[in-house]
Amino acid sequence: LDGVEVVGALVGGEEAGMLGMRALLRGESFDPETTLVLSLDTLGCGKPIILRAEHALLRHGYAERDLALVADDVERWSIGGWTDALQAKFAGLRALSLLSIGPEGVFTHYHVPDDVPEHVEFACVEACVEVAADICAAWAREQGGGSAR
């Protein structure tokens, strides 16, 4: 994408309270006007979904402005948990969280002994990458081709 800077971050500590993402956000300076955080989480089963909200006790919704970057045919879900994108939202950045969901609305093979590479559905990963690319393209158009992270 012309004029778009992509920064990849593979952060850890999610299960211990989003420690990796919190450390990244404390240690780096991101401009809220030119930054979109797109979290890719729990990919590899079923179909791509985008989160409209996340919650443990309190519900935290994603901004309609950001959700508008996502194609209408991608289902919007709310989950009882947190992803790294929510930490970016709390830090004042625009953010979205892209996941995949398996049959009957469950994350298959998630944090169980058979959560192994052989169970990754690569067609699902490819579909999620396509959704992510479409979101990035929509972001670049919104930014007028300007620099974005």
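So, a few notes on the structure that sits alongside this text. (Residues numbered from 1 in each chain as written. Predicted model: local features only at pLDDT ≥ 70, side-chain atom pairs only at ≥ 80, totals over all residues. Heavy atoms only, no water.)

### Some words on the overall build of the chain
- Within the chain, the secondary structure is distributed over 4 helices and 5 strands.
- Listing the helices and strands of the chain from first to last along the sequence gives α-β-β-β-α-β-α-β-α.
- The C-alpha atoms of the chain give a radius of gyration of 15 Å, which matches the 15 Å a tight globule of 149 residues would have.
- Expressed as lengths along the three principal axes of its C-alpha atoms, the size of the chain is roughly 45 × 30 × 25 Å.
- When burial is assessed residue by residue, the chain has 37% of its 149 residues classed as buried.
- Sequence separation of 24 or more characterises 80% of the internal contacts of the chain that already satisfy a separation of 6 or more.
- As displayed, the chain has an accessible area near 8,400 Å², and 55% of this comes from carbon and sulfur atoms.
- Side-chain charges in the chain split into 11 positive and 24 negative, and the spacing between the mean points of these groups amounts to 9 Å. (Helix = DSSP H or I, 4+ residues; strand = E, 2+ residues; numbered from the N terminus. Rg over C-alpha atoms; globule rule 2.2 N^0.38 Å. Buried < 20%, exposed > 50% of the residue type's maximum accessible area, 1.4 Å probe, protein only. Contact = heavy atoms within 4.5 Å. Areas by Shrake-Rupley, 256 points an atom, 1.4 Å probe, with all protein chains shown as cover. Lys, Arg positive; Asp, Glu negative; His and termini not counted. Charge placed at Lys NZ, Arg CZ, Asp CG, Glu CD.)

### Section: the packing of aromatic side chains
- Within this structure, the stated rule accounts for 2 aromatic pairs.
- On the numbers, 5.5 Å between centres and 75 degrees between planes, the contact of Trp82 with Phe90 is edge-to-face.
- On the accessibility criterion, Trp82 (31% relative accessible area) is partly exposed. (Phe/Tyr/Trp six-rings, centres within 6.5 Å; stacked < 30°, edge-to-face > 60°.)

### Remarks on helix α4 (residues 122-142)
- For α4, built from 21 residues, the straight-helix expectation of 30 Å at 1.5 Å per residue is met to within 8% by its first-to-last C-alpha distance of 30 Å.
- If you check which residues of α4 are buried, you get Cys124, Cys128, Val131, Ala132, Ile135, Ala137, Ala138, Trp139 and Ala140.
- For α4, the elements touching its buried residues are β1 (36-40), β2 (47-55) and β5 (94-101).
- One or two residues past the end of α4 sits Gly144, with phi positive at roughly 70 degrees. (Expected span 1.5 Å × (residues − 1).)

### Comments concerning the pattern of salt bridges
- Within this structure, the stated rule accounts for 4 salt bridges.
- The residue Arg65 makes a salt bridge to Glu142 at a minimum N-O spacing of 3.7 Å. You can see Arg65 sitting in helix α2 (residues 64-67) and its partner Glu142 sitting in helix α4, a full 77 residues away along the chain.
- When the shortest N-O distance is used, the salt bridge between Glu142 and Arg94 registers 2.4 Å. You can see Glu142 sitting in helix α4 and its partner Arg94 sitting in strand β5, a full 48 residues away along the chain. (Salt bridge = Lys/Arg side-chain N within 4 Å of Asp/Glu carboxyl O.)

### Brief notes about the side chain of Thr83
- Within the secondary structure, Thr83 is located in the loop between β4 (75-79) and α3 (84-90).
- At a separation of 2.8 Å, a polar atom in the side chain of Thr83 contacts the side chain of Ser97. (Polar contact = N/O pair within 3.5 Å; in protein donor to acceptor, adjacent residues only side chain to side chain.)

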